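So the chains spell out like this:
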Amino acid sequence: MSRSVVMVWLGRARLGIVGLGLLLLQACSSELYTGLDQRQANEIVATLMREGIPAQRRPSDDGTMTVTVDKNRFADAMAILDDAGLPKTEFQTLGDVFKRDGLVSSPVEERAAMIYGLSQELSRTISDIDGVLSARVHLVLPDNDPLRRELVPSSASVFIRHRATVAMSDFVPQVKLLVANGISGLAYDNISVVLVPVQGKAADVSEPAFASFLGLWLHPDSVARAKWICFGLLALVLGLAVGLGYEYWRQRRDVYSLPVPVKKT
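First things first, this report covers the structure right here in the doc. In this text the structure is predicted, and so the values were computed from the model without any measurement.

Secondary structure summary: the protein contains seven helices and eight strands in total. A buried classification covers 28% of the 265 residues belonging to the protein. Counting contacts in the protein only where the partners sit at least 6 residues apart, residues at least 24 apart contribute 63% of the total. Within the structure as shown, the protein displays about 17700 Å² of accessible surface, and the carbon and sulfur contribution to it stands at 60%.

What follows is about the packing of helix α2 (residues 38–50) against helix α3 (residues 74–84). Packing of α2 against α3 leaves a shortest axis separation of 10 Å and a crossing angle of 115°. Judged by the inter-axis angle, α2 sits roughly perpendicular to α3. The crossing of α2 and α3 is right-handed. Of the residues in α3, those in contact with Ile44, Thr47 and Leu48 of α2 are Ala77, Ile80, Leu81 and Ala84. Of the residues belonging to the contact of α2 with α3, the class tally is six nonpolar, one polar and no charged.

This part is about the sheet that holds strand β2 (residues 55–59). Read from one edge to the other, the open sheet built from three strands follows the order β1-β3-β2, with strand pairing classed as antiparallel. Only two strands of the sheet have a single partner each, and these edge strands are β1 (29–36) and β2. Direction aside, neighbouring strands of the sheet carry axes that sit 25° apart on average. Where β1 and strand β3 (residues 65–70) come together, five bridges link them in antiparallel fashion. In the strand pairing of β3, leucine 36 is matched with methionine 65. α3 contacts β1 and β3 of the sheet and is inclined by roughly 35° relative to β1.

What follows covers a nonpolar patch on the surface. On the surface, Phe159, Val194 and Val196 cluster together into a nonpolar patch covering about 210 Å² of accessible area. Tracing the backbone through its elements, the reader meets valine 196 in strand β6 (residues 191–198).

According to the stated counting rule, one finds five salt bridges in the structure shown. Among the salt bridges present, the one from glutamate 43 reaches arginine 39, with a minimum N-O distance of 3.5 Å. Placement of the pair is glutamate 43 and arginine 39 together in helix α2, with a separation of four residues, close to one helical turn. What makes glutamate 43 partly exposed here is its relative accessible area of 24%. Of the charged contacts, one joins aspartate 82 and arginine 161 as a salt bridge, the two residues approaching to 3.6 Å between their closest N and O atoms. Of this pair, aspartate 82 sits in helix α3 while arginine 161 is found in strand β5 (residues 155–163), placing the two residues 79 residues apart along the sequence.

Once that is clear, we can look at the side chain of threonine 47. Here threonine 47 is to be found in helix α2. Polar side-chain contacts of threonine 47 include one of 3.3 Å to the side chain of arginine 50. For threonine 47, the contacting residues outside a window of four places in its chain are Ile80, Ala84 and Leu86.

As a further point, take the sheet that holds strand β4 (residues 132–140). What the three strands build is an open sheet, ordered β4-β5-β6; its pairing is mixed. Both outer strands of the open sheet, β4 and β6, are each paired with one neighbouring strand and no more. The sheet shows a mean angle of 10° between the axes of neighbouring strands, direction not considered. Relative to β6, helix α6 (residues 172–182) is tilted by about 135°, and along the sheet it contacts β5 and β6.

Each value, and the rule that gives it
- Residues numbered from 1 in each chain as written.
- Predicted model: local features only at pLDDT ≥ 70, side-chain atom pairs only at ≥ 80, totals over all residues.
- Heavy atoms only, no water.
- Helix = DSSP H or I, 4+ residues; strand = E, 2+ residues; numbered from the N terminus.
- Buried < 20%, exposed > 50% of the residue type's maximum accessible area, 1.4 Å probe, protein only.
- Contact = heavy atoms within 4.5 Å.
- Areas by Shrake-Rupley, 256 points an atom, 1.4 Å probe, with all protein chains shown as cover.
- Axes fitted to C-alpha atoms, helices over the stretch in contact; angles between N-to-C directions.
- Parallel < 35°, antiparallel > 145°, perpendicular 65-115°, else oblique.
- Left-handed = near helix turned anticlockwise from the far one by under 90°.
- Nonpolar A, V, L, I, M, F, W, Y, C, P; charged D, E, K, R; others polar.
- Pairing = 2+ DSSP bridges.
- Patch = residues over 30% accessible without salt bridge, like charges linked within 9 Å, V, L, I, M, F, W, Y side chains within 5 Å.
- Salt bridge = Lys/Arg side-chain N within 4 Å of Asp/Glu carboxyl O.
- Polar contact = N/O pair within 3.5 Å; in protein donor to acceptor, adjacent residues only side chain to side chain.

Below, the structure is given as structure tokens:
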């Protein structure tokens, strides 16, 4: 049998194995989040892997990342990410809020944009505190008339969703001081902080025992995929053997079917 024929069949087998593997991975995975940046995707994948859930990152055409997990673990993955507060909320900065688009803004729009930008900046700062899952700052800054005798004081409300294992009540004075110093004319006593503790759900996710397959200990969700891969590889090997055997038989047949030269006397 010629070497070129063997190389052709081996090339076909490699392509079949790669195609089968990609097909199985695509069929068994489900998109968890799309439109993520590199850091968000890394945080999500690392968090899921620490909890025993395999996750993959896949770049998209627009430069963002997509995170996929096994479709059988989709619900568990969402519970774990919700417990971890991922993906984190993206807050706008003052530069983003006041990004000029060529139009002239009215004083009312400028003031509303300023209040919104300040609340976004404070929310992002509070979200960086260890143990905080999400934070929102709502500002009330009345546009008081300087000629009025009774002025309406400014106020703020801070909503913090945090881990129950973190004593966030110890940080309330620091949070109120942070907001008061960040807003001109806002008094410390006019700031209210609402704390919402979140109990961990990741520990409640029952982790099934590992199963043995061909001498390997695999997660139960991966056994079915491993069986399909093994069956596919076996089918490819059998197809390769049949193809090589047929090629060998065809060449031998051609050799024996050649006419035998007759010696002239």
